[in-house]
Amino acid sequence: MEVIIQPNSQKLSVIAANVIRKAVIRKPNLVLGLATGSTPIGLYKLLVQMHKEEGVDFSKVITFNLDEYIGIPKDHPQSYHTFMNKHFFNHVNIPKKNQYLPQNIVENHVSFCQEYEDSIRRCGGIDIQVLGIGKDGHIGFNEPGSSFASRTRIATLSKSTLEANAVHFGDDINAVPEMAITMGIGTITDAKQCLLLASGLNKKDAIAKTIEGPISAMVPATALQMHPDVVFLIDEAAASSLKEREYYKRSYENKIKYS
Ligand code: GLP
């Protein structure tokens, strides 16, 4: 596990964007797992900038989104389809056919989820999975109690997530869709590399439990402790409850010095 602590979220986005830029240059048909939420917006902005100003080419890149709400139309302002178009897909040259997102309807979800998993496998697996984290420690929409072996499936949002996401639905908790299709924890941890970004004081407890707490299905992101290549990119506020933060900083400084 690598823990990188930076003064602010902009610096996290820069590091994450550079990791992805390098990877796309090395492997033009990179398979990217993508996340939504406010955390990765800065990262998408930088990737768009790299495409427009430096000509970073995404034409062979394949993307798989982590999750999507069930029950709101794809073109709803708060759907993850809309989010991805607005912040990323509309501004780079990833072909539509290479953009995979979970469906927004419950019909045939079992076969849809199986097909989603098969598509990931057919593309050779996810090379880099971008992740945010929920206040309750969720990744994707894998809420506390999700099996570490879980695969893409239908899931119900926890109360904590409904409350956190109400801000995007006019502060009306009843307007937040209660269900979603999400990659499972097993799907996520199959990715060759995971990059988890977190910023802000409201993530400090989830981050402390995820990095330094016992591995438990009640904190789904703790599954990442067993991943061979996971990078936690966190700002000072989100890192503020970590006991070993001075050690993580020293380790990162040494890595930079000797690489
Ligand atoms: C949602 C998404 C997660 C995301 C989380 C955190 O519930 N399903 O994938 O990581 O919110 O969002 P934010 O980055 O806005 O704090």
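Being a predicted model, the structure only gives us computed values, none of them experimental. (Residues numbered from 1 in each chain as written. Predicted model: local features only at pLDDT ≥ 70, side-chain atom pairs only at ≥ 80, totals over all residues. Heavy atoms only, no water.)

1. Focus: the sheet that holds strand β9 (residues 193-198)
Turning to step 1, where the next piece is worked out: Here we have seven strands laid out as an open sheet, ordered β1-β10-β9-β6-β2-β3-β5, and parallel in their pairing. Looking along the sheet, the strands with just one partner apiece sit at the ends: β1 (2-6) and β5 (99-100).
Turning to step 2, where the next piece is worked out: Across the sheet, helix α4 (residues 109-122) lies against β3 (62-65) and β5, angled at about 150° from β3, the strand it touches most. (Pairing = 2+ DSSP bridges. Helix = DSSP H or I, 4+ residues; strand = E, 2+ residues; numbered from the N terminus. Contact = heavy atoms within 4.5 Å. Axes fitted to C-alpha atoms, helices over the stretch in contact; angles between N-to-C directions.)

2. Remarks on the packing of aromatic side chains
Turning to step 1, where the next piece is worked out: A complete count under the given rule lists 12 aromatic pairs for this structure.
Turning to step 2, where the next piece is worked out: Arranged with centres 6.0 Å apart and planes meeting at 10°, the rings of Y80 and F141 form a pair that is stacked. A residue pair is termed long-range when its members are at least 10 positions apart, and Y80 in helix α3 (residues 80-87) and F141 in the loop between β6 (128-131) and β7 (153-156) qualify at 61 residues.
Turning to step 3, where the next piece is worked out: Ring pairing ties together the aromatic residues Y44, F58, F83, F88 and F89, which thus form one cluster. (Phe/Tyr/Trp six-rings, centres within 6.5 Å; stacked < 30°, edge-to-face > 60°.)

3. Things to note about the environment of M179
Turning to step 1, where the next piece is worked out: If you trace the backbone, M179 turns up in strand β8 (residues 179-182).
Turning to step 2, where the next piece is worked out: Sequence separation of M179 and K96 is 83 residues, and the distance between their C-alpha atoms is 25 Å.

4. A look at helix α9 (residues 245-258)
Turning to step 1, where the next piece is worked out: For α9, which comprises 14 residues, the first-to-last C-alpha distance of 20 Å matches the rise-based estimate of 20 Å (1.5 Å per residue) to within 8%.
Turning to step 2, where the next piece is worked out: Looking only at α9, the buried set comprises Y248, K249 and Y252. Projected down its long axis, α9 shows its buried positions confined to an angular sector of 100°, all on one face. Along α9, exposed side chains directed more than 90 degrees from the buried face belong to E246, R250, E253, K257 and Y258.
Turning to step 3, where the next piece is worked out: Its buried side turned inward, α9 meets β1, α1 (9-26), α7 (204-212) and α8 (236-239). (Expected span 1.5 Å × (residues − 1). Buried < 20%, exposed > 50% of the residue type's maximum accessible area, 1.4 Å probe, protein only. Arc of directions from axis to C-beta.)

5. A look at the sheet that holds β7
Turning to step 1, where the next piece is worked out: Taken in spatial order, the three strands of this open sheet run β4-β8-β7, and their pairing is antiparallel. Looking along the sheet, the strands with just one partner apiece sit at the ends: β4 (67-69) and β7. Strand-to-strand twist of the sheet, defined as the mean angle between neighbouring strand axes without regard to direction, takes the value 30°.
Turning to step 2, where the next piece is worked out: The pairing of β7 with β8 spans four bridges and is classified as antiparallel. Within β8, the residue paired with I154 across the bridge is I181.

6. Re the packing of helix α2 (residues 41-54) against α3
Turning to step 1, where the next piece is worked out: Packing of α2 against α3 leaves a shortest axis separation of 9 Å and a crossing angle of 40°. On the basis of the axis angle, α2 is oblique to α3. When α2 is examined against α3, the residues I41, Y44 and V48 are found in contact with a partner set consisting of F83, M84 and H87.
Turning to step 2, where the next piece is worked out: Looking at side-chain class alone, the contact of α2 with α3 contains five nonpolar, one polar and no charged residues. (Parallel < 35°, antiparallel > 145°, perpendicular 65-115°, else oblique. Nonpolar A, V, L, I, M, F, W, Y, C, P; charged D, E, K, R; others polar.)

7. Digging into the pairing of β6
Turning to step 1, where the next piece is worked out: Burial along β6 is two-sided: I128 and V130 facing one way and Q129 and L131 facing the other are all buried.
Turning to step 2, where the next piece is worked out: When β6 meets β9, the two strands line up parallel, connected through four bridges. In the strand pairing of β9, L131 is matched with L196.

8. Overview of the nonpolar core
Turning to step 1, where the next piece is worked out: Formed by 71 residues in total, the largest nonpolar core has its most connected members in F88 and I234.
Turning to step 2, where the next piece is worked out: Broken down by element, the residue count for this core peaks at seven residues, all from α1.
Turning to step 3, where the next piece is worked out: Not counting residues within four places of it along the chain, the set of residues in contact with I234 comprises V3, I4, I5, Q6, L12, A198, I207, I211, A239 and L242.
Turning to step 4, where the next piece is worked out: Judged by nonpolar contacts, the second largest core, of 10 residues, contains L162, A166, F169 and V176. (Core = buried A, V, L, I, M, F, W, Y, C linked by side-chain atoms within 4.5 Å.)

9. Regarding the site of the ligand
Turning to step 1, where the next piece is worked out: Close to the ligand lie 13 residues; S38, T39, D67, H138 and K203 are nearest.
Turning to step 2, where the next piece is worked out: In this structure, S38 approaches the ligand through a main-chain N or O atom, which is 2.8 Å from an oxygen atom.
Turning to step 3, where the next piece is worked out: At a separation of 2.6 Å, an oxygen atom of the ligand approaches a polar side-chain atom of K203.
Turning to step 4, where the next piece is worked out: Relative to its unbound accessible area of 390 Å², the ligand is 90% covered by the protein chains.
Turning to step 5, where the next piece is worked out: A per-class count over the shell around the ligand returns three nonpolar, eight polar and two charged. (Near = heavy atom within 4 Å. Polar contact = N/O pair within 3.5 Å; in protein donor to acceptor, adjacent residues only side chain to side chain. Areas by Shrake-Rupley, 256 points an atom, 1.4 Å probe, with all protein chains shown as cover.)

10. As for the pattern of salt bridges
Turning to step 1, where the next piece is worked out: Here the structure, examined in full by the defined rule, presents 12 salt bridges.
Turning to step 2, where the next piece is worked out: Linking R122 and E115 is a salt bridge whose minimum nitrogen-to-oxygen distance equals 3.1 Å.
Turning to step 3, where the next piece is worked out: In this structure, the salt-bridge partner of E236 is K249, at a minimum N-O distance of 2.9 Å. Of the two residues, E236 sits in helix α8 while K249 sits in helix α9, which places them 13 residues apart along the sequence.
Turning to step 4, where the next piece is worked out: Salt bridges sharing common partners tie together E117, D118, R121, R151 and D190. (Salt bridge = Lys/Arg side-chain N within 4 Å of Asp/Glu carboxyl O.)

In short, shape yes, function no, at least from these values alone.
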